[in-house]
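Listed below, chain by chain, are the residues.
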Amino acid sequence: MNENEYKLASAEWGRCVSDYQKVSSLIPTNYIFELDSDQISKITEKNQYIDLCAEVGVYGGQVVLIFLPLDAQGHVDKSVTEYQYTALVPLKHDIRLQETKEFTVVKNAVLSSDLTKVDDNTNMSFPVSEQPVLDQDIAVDAIERWRNEGMEWFFRECKEFHGERVFRRFYIPKEDLTHPYPEVTGIKCSFGLRYNDIYQRMLVTLIFISFHELLQKGTSETVISNTYDWAKPCPPVCRIPELGT
């Protein structure tokens, strides 16, 4: 997508956010976004900031996420003229989420100076693993809440606040979606609905589910190993540097 197409798509979403009927036709709550490894590479190699910025637009009659290339200060890099995007589409296959927790059993034995056992106990410590980033149950709960209550959220925002509080873009932690190992082979992204204590209301977020692939004994084996991360919706979470003019 070129810059002009991006601006038109972004403006079209801005016109839709106050119209509940339009929004409800554009965003079925069981649709998702998808990114393959090639797209992920293109997005991240053009982005110099610590976060990625995905602006919401309407393009070709579909809601899309448009990934804007940011410079080191968090403003749009004007030298990049082609933007990667992904459209909201039906989920073709089931998503299997798997959270693995590793446990370490530590057995202590203490011998006195005369080699008599004076202490013997077993402790279990956990977790040892670094992933997943977020608990699976929390992610699933937010997705299910979106599926069941997402349109109610939009109805209130459109009717009471005329779409002013509806998200225009999302900020996503870059490093959590570009693990060097295991390699990220694809990402599925769902809207989620989660209560925010700071703003004292439900906010829509994007939940990025990463899928990894490990190489074992010279062969490629797909492993059901997910990492999760949340995107910050703007508005209201717009503390990251605003886009350049």
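Residues numbered from 1 in each chain as written. Predicted model: local features only at pLDDT ≥ 70, side-chain atom pairs only at ≥ 80, totals over all residues. Heavy atoms only, no water.

Visitor: Explain the overall build of the protein chain here, please?
Guide: In terms of regular secondary structure, the protein chain is built from four helices and 12 strands. By the burial criterion, 41% of the 245 residues in the protein chain qualify as buried. When the accessible area of the protein chain is evaluated, it comes to approximately 13,800 Å², of which 49% is carbon and sulfur surface. (Helix = DSSP H or I, 4+ residues; strand = E, 2+ residues; numbered from the N terminus. Buried < 20%, exposed > 50% of the residue type's maximum accessible area, 1.4 Å probe, protein only. Areas by Shrake-Rupley, 256 points an atom, 1.4 Å probe, with all protein chains shown as cover.)

Visitor: It is not clear to me how the environment of K46 should be interpreted in this structure. Could you clarify?
Guide: Here K46 shows up in the loop between α3 (37-45) and β2 (51-59). The partly exposed category is assigned to K46, whose relative accessible area is 42%. Considering only alpha carbons, one finds K46 and L70, 24 residues apart in sequence, at a separation of 7.5 Å. Those residues in contact with K46, other than ones at most four positions away along the chain, are P69, L70 and V80. (Contact = heavy atoms within 4.5 Å.)

Visitor: Which parts of the structure should I look at to understand the packing of aromatic side chains?
Guide: Each aromatic ring pair is summarised here by two numbers: the centre-to-centre distance and the angle between the ring planes. Counted under the stated rule, the structure contains 13 aromatic pairs. With a centroid separation of 5.3 Å and an interplanar angle of 80°, the aromatic rings of Y6 and Y83 are classed as edge-to-face. With Y6 in helix α1 (residues 3-16) and Y83 in the loop between β3 (62-68) and β4 (84-87), this pair connects stretches of sequence that are 77 residues apart. Members of the aromatic cluster, joined through ring pairs, are W13, F33, W146, W153, F154, F167, F170 and F191. (Phe/Tyr/Trp six-rings, centres within 6.5 Å; stacked < 30°, edge-to-face > 60°.)

Visitor: What is the right way to read unusual backbone geometry from this model?
Guide: Most peptide bonds adopt trans geometry, and most residues besides glycine take a negative phi value. With an omega of -5°, the peptide bond between C234 and P235 qualifies as cis. With respect to the element layout, P235 can be found in the segment after β12 (232-234). Omega for the bond connecting P235 with P236 falls within 30 degrees of zero, at 5°, which places this linkage in the cis form. With respect to the helices and strands, the residue P236 is situated in the segment after β12. One non-glycine residue with positive phi stands out, namely H162, at about 55°. Of note, H162 is situated in the loop between α4 (136-161) and β8 (169-173). Phi angles above zero are rare outside glycine, and Q200 is one such case at about 55°.

Visitor: Got a minute to help me understand the state of the cysteines in this structure?
Guide: Here, the word disulfide means a covalent bond between the sulfur atoms of two cysteines. Counting across every chain of the model gives one disulfide. The disulfide bridge from C234 ends at C238, spanning 1.9 Å between sulfur atoms. On the S-S bond that ties C234 to C238, the torsion sits near 110°, and the link is right-handed. According to the relative accessible area criterion, C234 is buried, its value standing at 4%. Relative accessible area serves as the criterion here: at 29%, C238 is assigned to the partly exposed category. (Disulfide = S-S within 2.5 Å.)

Visitor: Which parts of the structure should I look at to understand the environment of Y6?
Guide: Of the residues examined, Y6 reaches a relative accessible area of 12% and is grouped as buried. Sequence separation between Y6 and G57 is 51 residues, and the spatial gap between their C-alpha atoms is 7.5 Å.

Visitor: What is the right way to read the environment of S41 from this model?
Guide: The residue S41 is located in helix α3 in this model. With 143 residues separating them in the primary sequence, S41 and V184 have C-alpha atoms 9.8 Å apart.

That is the geometry; function is a separate question.
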